[in-house]
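# Coordinates in review
So you can see what is in the structure, the chains are spelled out below.
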Amino acid sequence: KAGVTQTPRYLIKTRGQQVTLSCSPISGHRSVSWYQQTPGQGLQFLFEYFSETQRNKGNFPGRFSGRQFSNSRSEMNVSTLELGDSALYLCASSPGGARDTQYFGPGTRLTVL
Amino acid sequence: DAKTTQPNSMESNEEEPVHLPCNHSTISGTDYIHWYRQLPSQGPEYVIHGLTSNVNNRMASLAIAEDRKSSTLILHRATLRDAAVYYCIRDFGNEKLTFGTGTRLTIIP
């Protein structure tokens, strides 16, 4: 099976802009989670979608949002970008049951100037 | 407290066994322990998980203390490709992984 794919891999934006990142899960996986990784805060959970519904949410401002499509592909959006949003954004997929192993993609490196 | 406690860094010689410790003294009876690792410039990858008894797979072994307050990830024969940050995570069963700072493992040739 193909692994989790994320596009784009690298992105440069300026403050105030918005950005949309995409994640394609492993075929058959219904859960997609998003994480932010920064040198200062480490890996932090953003949110998780299962069957097109947000099932879990981390402690991030409302500028961070996401959605999931009927084919389980997911997008996350960050509006009004700030310098502190520069990070590696990781997507992980799993079948969707409790305690299922999560499979991570390579991430999207976002730089905000 | 949802987090686990791990040493910030460890070094090991190539082809030697490596024992990575993790403390999770507040773990509850239904929490699993998961280990993931993150190689340079990659997303985390699953290594192993367990609940009570020791577990083995092709990548590693997981030894869980009898009181479940600690566990040890064992790499039986470290290679240079095992150099990574290793995360020990309590799994509450809510599809949300809470990562700590992990242990940066350096393999010395």
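Check the entry above for the structure.
An account of the accompanying structure is given in this report. Note that this is a predicted model, so its numbers are computed, not measured.

## Looking at the overall build of chain A
Secondary structure assignment for chain A yields zero helices and eleven strands. Written out in order from the N terminus, the α and β elements of chain A read β-β-β-β-β-β-β-β-β-β-β. In summary, chain A has a C-alpha radius of gyration of 13 Å against a globular reference of 13 Å for 113 residues, a match within 12%. The principal-axis extents of the C-alpha atoms in chain A amount to approximately 35 × 25 × 25 Å.

## What about the side chain of H29 of chain A?
All names here are of chain A. Position of H29 relative to the elements: it lies in the loop between β3 (19-24) and β4 (31-38). Take H29: its relative accessible area is 9%, and that puts it in the buried class. Polar side-chain contacts of H29 include one of 2.8 Å to the side chain of S93. Polar side-chain contacts of H29 include one of 3.4 Å to the backbone nitrogen of S94. Once residues within four sequence positions are removed from consideration, H29 is found in contact with S72, S93, S94, P95 and Y103.

## Let's talk about the pairing of strand β7 (residues 70-75) of chain B
All names here are of chain B. Pairing analysis gives six bridges linking strand β2 (residues 18-23) to β7, with the strands arranged antiparallel. Following the sheet pairing, P21 is matched in β7 by T72. As judged from the four bridges shared by strand β6 (residues 61-64) and β7, these two strands associate in the antiparallel manner. Across the sheet, the residue bridging to A63 is T72, located in β7. Connecting β6 to the antiparallel partner β7 that follows it, the hairpin turn spans five residues, and R68 within it adopts a positive phi of roughly 65°.

## So, the state of the cysteines
A disulfide bridge is the covalent bond that connects two cysteines by way of their sulfur atoms. All names here are of chain A. Going through the model one piece at a time under the given rule, you end up with two disulfides over all chains. Through a disulfide, C23 is tied to C91; the S-S separation comes to 1.7 Å. The chirality of the disulfide connecting C23 with C91 is left-handed, given an S-S dihedral of about -45°. With C23 in strand β3 and C91 in strand β9 (residues 87-94), the pair connects residues that are 68 residues apart, well separated along the chain.

## Things to note about the interface of chain B and chain A
Facing 18 residues of chain B, the contacting portion of chain A comprises 22 residues. Of the roughly 1600 Å² buried where chain B meets chain A, counting both sides, 49% is carbon and sulfur surface. If you look at where chain B meets chain A, you find zero salt bridges. Linking chain B to chain A there are three residue pairs in polar contact (both at pLDDT 80 or more). Only β3 (32-38) and β8 (84-91) of chain B provide two or more residues apiece to the side of chain B that touches chain A. Among the elements that line the side of chain B that touches chain A, the one with the most residues is β3 of chain B, at four residues. Across the side of chain B that touches chain A, the residue classes break down as eight nonpolar, six polar and four charged.

## Observations regarding the sheet that holds strand β4 (residues 45-50) of chain B
Sheets are built from strands that pair by backbone hydrogen bonding, the pairs being arranged parallel or antiparallel. Residue and element names in this part refer to chain B. Spatially, β1-β9-β8-β3-β4 is the arrangement adopted by the five strands of the open sheet, whose pairing is mixed. Of all strands in the sheet, those with a lone pairing partner are β1 (9-13) and β4, marking the two edges. Across this sheet, the average inter-strand angle for adjacent strands is 25°, counted without regard to direction. Here five bridges tie β1 to strand β9 (residues 103-108), and the two strands are oriented parallel to one another. Paired with S12 across the two strands is I107, which belongs to β9.

## A word on the nonpolar core
Formed by 21 residues in total, the largest nonpolar core has its most connected members in W34, L46, F64, M76 and Y89 of chain A. Core analysis: the next-biggest nonpolar cluster, separate from the first, contains 20 residues, V18, A60, Y86 and I107 of chain B among them.

Rules used throughout
- Residues numbered from 1 in each chain as written.
- Chains lettered and ligands numbered in written order.
- Predicted model: local features only at pLDDT ≥ 70, side-chain atom pairs only at ≥ 80, totals over all residues.
- Heavy atoms only, no water.
- Helix = DSSP H or I, 4+ residues; strand = E, 2+ residues; numbered from the N terminus.
- Rg over C-alpha atoms; globule rule 2.2 N^0.38 Å.
- Buried < 20%, exposed > 50% of the residue type's maximum accessible area, 1.4 Å probe, protein only.
- Polar contact = N/O pair within 3.5 Å; in protein donor to acceptor, adjacent residues only side chain to side chain.
- Contact = heavy atoms within 4.5 Å.
- Pairing = 2+ DSSP bridges.
- Disulfide = S-S within 2.5 Å.
- Buried area = accessible area lost by both parts, 1.4 Å probe.
- Salt bridge = Lys/Arg side-chain N within 4 Å of Asp/Glu carboxyl O.
- Nonpolar A, V, L, I, M, F, W, Y, C, P; charged D, E, K, R; others polar.
- Axes fitted to C-alpha atoms, helices over the stretch in contact; angles between N-to-C directions.
- Core = buried A, V, L, I, M, F, W, Y, C linked by side-chain atoms within 4.5 Å.

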